[in-house]
Structure formats: C-alpha cells, structure tokens
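# Residue-level structural notes
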Amino acid sequence: MASVNEMEKKLAEYKCDTNQATCLKLVRFPEDIEDESTTFHPEYSHQLFGDDEVAFGYKGLQIQLYYTAGNLSTLFKVKYSAKVTETFDCVEPDDVEGKIREIIPPGFCCNTDDFITLLEKEANFKPFGSLLHTYKVHNVEEGADLTYQIHKVDISCPGFREYHERLQTFLMWFIETASFIDVDDDRWDFFLVFEKYNKDGETLYATVGYMTVYNYYVYPDKTRPRVSQMLILPPFQGEGHGAQLLETVHRFYCNSPKVQDITAEDPSENYVKLRDFVLVKLCMALPSFSTEKLAQGFSEEMAVEAREKLKINKKHARRVYEILRLRNTDMSDEEKAREFRLEVKKRLFGPYRKNQRELTKMRKCLRPEELASHISQMDTRLQHEELEKSYQEVLAEYRRVLERLAQA
C-alpha cells in the first residue's frame with residue numbers, strides 16, 4: 001500500500017493546471033516576447049484538456065502561444081523542466097503539442113527568430129473590410145486618447161479566411177461552449193475591432209476583438225441577424241470596446257429594411273448585461289420611451305418603435321422599458337416603488353400563471369393522489385417567495401445597468 005501511495009504522490013507532481021500553463025501574448029515589439037507583464041492566460045481549457053483542465057506528464061509545463069498583434073502570425077512552443085519516463089511503469093505523458101495543433105492552423109512558427117521576422121512585417125498589415133465606426137478611449141497609462149476602428153468583413157475578403165482561422169483559436173480559451181464555424185456559408189457577417197498605434201513613426205493596427213453574426217431567413221422576405229460569438233481579447237477588456245462593437249453592429253443592421261430584429265444565440269450573463277446597457281442607451285432617444293410615456297406602462301407603441309427603428313424584439317423592448325422606468329422612479333416613495341414592483345412582477349409571474357392553467361387541466365384528468373403530488377410541487381407560498389427572489393435579482397441587474405449609464 002505504501003508503495004502505491006508513494007507512486008500516486010510522485011505522479012501528482014507531474015500534473016499541471018492547463019489554464020496556468022497556457023501563456024498567451026499579443027506581441028507588438030520584440031521585447032514583449034520576454035516581458036511577463038504582457039502574458040495572459042485562458043479562462044477555460046476543458047475543450048482540449050478535459051473537464052479537470054489538467055495535463056499529465058510534465059513538471060513546469062509552459063504552453064506558449066504568442067501572436068503578432070495585428071496579423072496574428074503565431075509562435076507555438078511547449079516547454080517543461082521535467083517529463084515522466086519509463087520508470088513510471090509505462091505511464092505516458094499527455095500529447096500536449098498534438099492537442100494544440102488540433103486548433104491552430106498550419107503555418108505557425110516554432111522558432112523565435114522566425115517569429116520576429118514576421119513581427120517586422122506587421123507594418124504591411126491593414127484591417128480587413130469596410131470601416132463602420134471610429135472612436136477614441138482615454139488610456140491612463142499613456143496619458144493619451146487611443147484610436148479604435150470597427151470594420152465589417154465577409155469571407156471573400158482576400159487574406160481574411162486565413163486570418164480568421166488564427167483569430168478563432170482564442171474562442172477555445174475564453175468562451176466556455178465555443179466551436180468553430182463554417183465560414184463557407186455566405187450568411188455569416190464578421191465585425192472586427194482594431195487599435196491604431198504608432199511604431200517607429202509608422203501606423204500599425206492591433207486586433208482587439210470581434211463578433212460573428214449569422215443571418216437567418218424569416219418568411220417571406222426578411223432576415224434575423226443572430227449574434228453567434230463575441231470576444232474582446234483580455235488585454236482590452238474593461239475599456240468599453242464590447243459596448244462600442246455591439247452598438248455599431250445594431251446601427252449597421254438598423255439601416256436595412258430587410259432585417260426584422262437582432263437576436264443572440266445562447267447569450268452569456270455578461271452578454272445580457274452588455275446588451276441591456278446598449279439597448280437602453282439606444283432607446284432613450286425614442287419618443288415612445290419618453291418620461292411621460294414610461295409612467296403610463298409598457299405599450300404596443302414602444303414595441304413597434306423599438307422594432308422598426310432599432311430592430312429590437314418585443315421581449316427586449318419590455319426589459320428596456322423596465323430599466324428606464326426604474327431610472328425615472330423615486331424608489332424612496334413607497335407608492336411609486338410599489339407600482340414599479342407590481343409592473344415587473346406582472347411580467348415575471350407569466351410562468352407561474354402557466355402552472356395554474358396546467359393545474360386546472362390536471363383537476364379534470366388526474367386521480368386525487370396524482371393531483372396532490374402536483375399541487376405540492378406548485379405550492380403558492382413557495383411561488384411567491386421565488387417571485388420575490390426573481391424580482392430582487394432583476395432589480396439588482398437593472399441598477400447595475402443604470403450605474404454604467406450614469407458613468408457613460
């Protein structure tokens with residue numbers, strides 16, 4: 001038994017957390033390669049290394065994936081201080097290199113000198129597609145405003161297919177359920193964010209993030225753009241680029257009479273927060289969302305204007321209405337706070353009302369003991385507690401949106 005425990009202890013020394021072991025960089029200058037402050041790590045690595053996100057067989061494992069900031073030309077290296085040997089009873093190390101090769105396209109460098117040669121060609125890289133929007137963000141460290149651009153691209157743009165293959169590798173590290181898309185389907189639209197910066201007197205561009213949107217057909221002659229994937233790379237997160245990107249994409253589709261509304265595929269919690277902020281900001285300018293109209297409750301006029309002018313569906317328009325109504329409600333006034341609470345709970349009560357209708361049907365067709373079982377699951381007091389909990393969660397979400405709006 002002692003020898004077994006000793007072996008397990010020894011083997012445990014050769015396990016590495018793959019989120020920490022994977023080192024990512026966006027390189028602008030040769031000195032960035034050795035600068036640890038420019039390194040960032042994945043949030044997820046389970047799609048390559050399993051649910052436990054562990055690689056076995058190495059001590060001091062470091063998976064280096066470095067990209068030139070603009071064109072994303074790639075340097076890939078695997079380093080370690082020790083590796084399991086045959087003395088461990090034929091236990092083999094994980095094929096780390098093979099797993100990474102599954103997601104990075106061919107043409108990457110394994111040699112730092114070759115990578116630096118590609119880095120020197122970054123001045124030749126220019127953003128793909130057509131320019132939609134330019135904006136500035138103040139950078140505290142540099143004490144200056146930095147310029148960013150958002151471009152709309154389709155797969156036919158020369159060089160973009162290869163660039164996109166490199167760009168989408170980041171999805172595996174930062175979106176929990178990410179998958180690569182079929183770019184040969186011409187219903188995909190791509191939106192890219194770039195930073196303009198200077199290097200030795202030349203203007204260069206760095207990749208900041210991107211969004212993919214799929215245009216679904218809606219009978220008889222409309223489309224419904226659905227946001228599939230959206231990622232702002234970690235070095236640029238928290239600077240407002242996501243909001244700029246989502247607002248630009250909305251405005252782009254708003255100009256098309258063929259678009260019915262804009263949706264999102266399986267949106268994350270962070271995406272919902274971002275969408276709330278952007279849609280509220282857009283709807284504030286609509287006459288139907290004026291202070292006077294908000295006090296009268298959610299109306300068909302709001303739903304129609306949000307859809308026709310901003311391609312926002314009724315469900316999202318209702319959420320925007322509630323956020324703006326909270327903004328205009330004095331919650332220290334008990335009567336006004338009560339009116340707002342009842343207005344939100346009326347919407348939240350929908351699923352519970354459905355349960356009551358189902359209960360009515362059950363009374364007609366179930367035996368008493370079966371009915372008792374279902375009634376116990378639909379306890380009224382419990383429903384009220386859950387409803388209140390849902391309301392408090394929604395209220396907290398809305399207040400976060402309003403705080404961000406106040407700072408914008």
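These numbers were taken from a predicted model, which means no experiment stands behind them.

## Regarding the overall build of the chain
Summing up its helical and strand segments, the chain has 16 helices and 13 strands in all. Each of the 408 residues in the chain was classed as buried or not, and the buried ones make up 46%. Excluding contacts between residues fewer than 6 apart, the proportion of contacts in the chain whose partners are at least 24 apart in sequence is 65%. Total accessible area on the chain is roughly 22100 Å²; 47% of this is exposed by carbon and sulfur atoms. Averaged over its 56 positive side-chain charges, the chain has a centre that lies 8 Å from the centre of its 69 negative ones.

## As for the UniProt feature "domain: Histone acetyltransferase type B catalytic subunit C-terminal" (unreviewed entry) in the chain
Residues given the UniProt feature "domain: Histone acetyltransferase type B catalytic subunit C-terminal" (unreviewed entry) here are residues 275-326. Counted over residues 275-326, helix gives 71% and strand 0%. Its end C-alpha atoms are 17 Å apart.

## Examining the sheet that holds strand 6 (residues 74-79)
An order of 2-5-6 is seen for the 3 strands of this open sheet, with the pairing classed as mixed. The sheet is open, and its two edges are formed by strand 2 (22-27) and strand 6, each paired on a single side. Taking each pair of neighbouring strands and ignoring which way they run, the sheet shows an average axis angle of 15°. Here strand 5 (residues 62-68) runs beside strand 6; their pairing, made up of 6 bridges, is antiparallel. For Leu-65, the partnering residue across the bridge sits in strand 6 and is Phe-76. Helix 5 (residues 112-119) rests against strand 2, strand 5 and strand 6 of the sheet, and its axis sits at about 20° to strand 5.

## Some words on the sheet that holds strand 12 (residues 222-232)
In space, the 6 strands of this open sheet follow the order 8-9-10-11-12-13, with mixed pairing throughout. Two strands close off the open sheet at either side, each with one partner strand: strand 8 (130-139) and strand 13 (263-264). Of the pairings in the sheet, the one linking strand 8 to strand 9 (residues 144-153) comprises 9 bridges and is antiparallel in character. In the strand pairing of strand 9, Val-137 is matched with Leu-146. In the packing of helix 8 (residues 241-254) onto the sheet, the strands contacted are strand 8, strand 9, strand 10 (188-199), strand 11 (202-218) and strand 12, and the crossing angle to strand 11 comes to about 50°.

## Observations regarding the pattern of salt bridges
Per the counting criterion, the structure on display carries 22 salt bridges. Salt-bridge contacts for Lys-345 lead to Glu-388; the nearest nitrogen and oxygen are separated by 2.4 Å. Within this pair, whereas Lys-345 is found in helix 13 (residues 334-348), its partner Glu-388 is found in helix 16 (residues 380-407), the two being separated by 43 residues in sequence. Under the relative-accessibility criterion, Lys-345 is labelled buried at 17%.

## With respect to the state of the cysteines
By definition, a disulfide links two cysteine residues through a covalent bond between their sulfur atoms. Going through the model one piece at a time under the given rule, you end up with 0 disulfides. A disulfide-free cysteine, Cys-254 has its sulfur positioned 9.6 Å from the sulfur of Cys-283, the nearest such atom.

## Looking at the packing of aromatic side chains
One pass over the full model with this rule turns up 18 aromatic pairs. Ring centres of Tyr-67 and Phe-170 lie 4.6 Å apart, and the angle between their planes is 40°; this geometry places the pair in the tilted category. Taken together, the positions of Tyr-67 in strand 5 and Phe-170 in the loop between helix 6 (160-167) and helix 7 (171-174) put the pair 103 residues apart, joining distant regions of the chain. The pair Tyr-67 / Phe-170 is uniform in exposure class, with both members buried.

## Notes on the packing of helix 9 (residues 269-283) against helix 12 (residues 314-327)
Following both chains from N to C, one finds helix 9 and helix 12 inclined at 75°, their axes separated by 9 Å at the closest point. The pairing of helix 9 with helix 12 is recorded here as roughly perpendicular in orientation. Judged by residue contacts, Val-272, Arg-275, Asp-276, Leu-279, Val-280 and Cys-283 of helix 9 engage His-316, Arg-319, Val-320, Ile-323 and Leu-324 from helix 12. Considering only residue class, the contact of helix 9 with helix 12 consists of 7 nonpolar, 1 polar and 3 charged.

## Comments concerning the side chain of Asp-189
Within the fold, Asp-189 resides in strand 10. Note on Asp-189: relative accessible area 10%, which makes it buried. Within the structure, Asp-189 has its side chain in polar contact with the side chain of Lys-152 (distance 3.5 Å). Only 2.8 Å separates the side chain of Asp-189 from the side chain of Tyr-253, close enough to count as a polar contact. Leave out the neighbours within four places in its chain, and Asp-189 touches Lys-152, Val-153, Met-211, Thr-212, Val-213, Asn-215 and Tyr-253.

## Remarks on the UniProt feature "active site" (unreviewed entry) in the chain
Within the UniProt annotation, "active site" (unreviewed entry) is assigned to Glu-265. Along the chain, Glu-265 turns up in the loop between strand 13 and helix 9. Leave out the neighbours within four places in its chain, and Glu-265 touches Arg-226, Val-227 and Ser-228.

About the thresholds
Residues numbered from 1 in each chain as written. Predicted model: local features only at pLDDT ≥ 70, side-chain atom pairs only at ≥ 80, totals over all residues. Heavy atoms only, no water. Helix = DSSP H or I, 4+ residues; strand = E, 2+ residues; numbered from the N terminus. Buried < 20%, exposed > 50% of the residue type's maximum accessible area, 1.4 Å probe, protein only. Contact = heavy atoms within 4.5 Å. Areas by Shrake-Rupley, 256 points an atom, 1.4 Å probe, with all protein chains shown as cover. Lys, Arg positive; Asp, Glu negative; His and termini not counted. Charge placed at Lys NZ, Arg CZ, Asp CG, Glu CD. UniProt positions renumbered as here; feature names shortened; annotations may be inferred. Pairing = 2+ DSSP bridges. Axes fitted to C-alpha atoms, helices over the stretch in contact; angles between N-to-C directions. Salt bridge = Lys/Arg side-chain N within 4 Å of Asp/Glu carboxyl O. Disulfide = S-S within 2.5 Å. Phe/Tyr/Trp six-rings, centres within 6.5 Å; stacked < 30°, edge-to-face > 60°. Parallel < 35°, antiparallel > 145°, perpendicular 65-115°, else oblique. Nonpolar A, V, L, I, M, F, W, Y, C, P; charged D, E, K, R; others polar. Polar contact = N/O pair within 3.5 Å; in protein donor to acceptor, adjacent residues only side chain to side chain.

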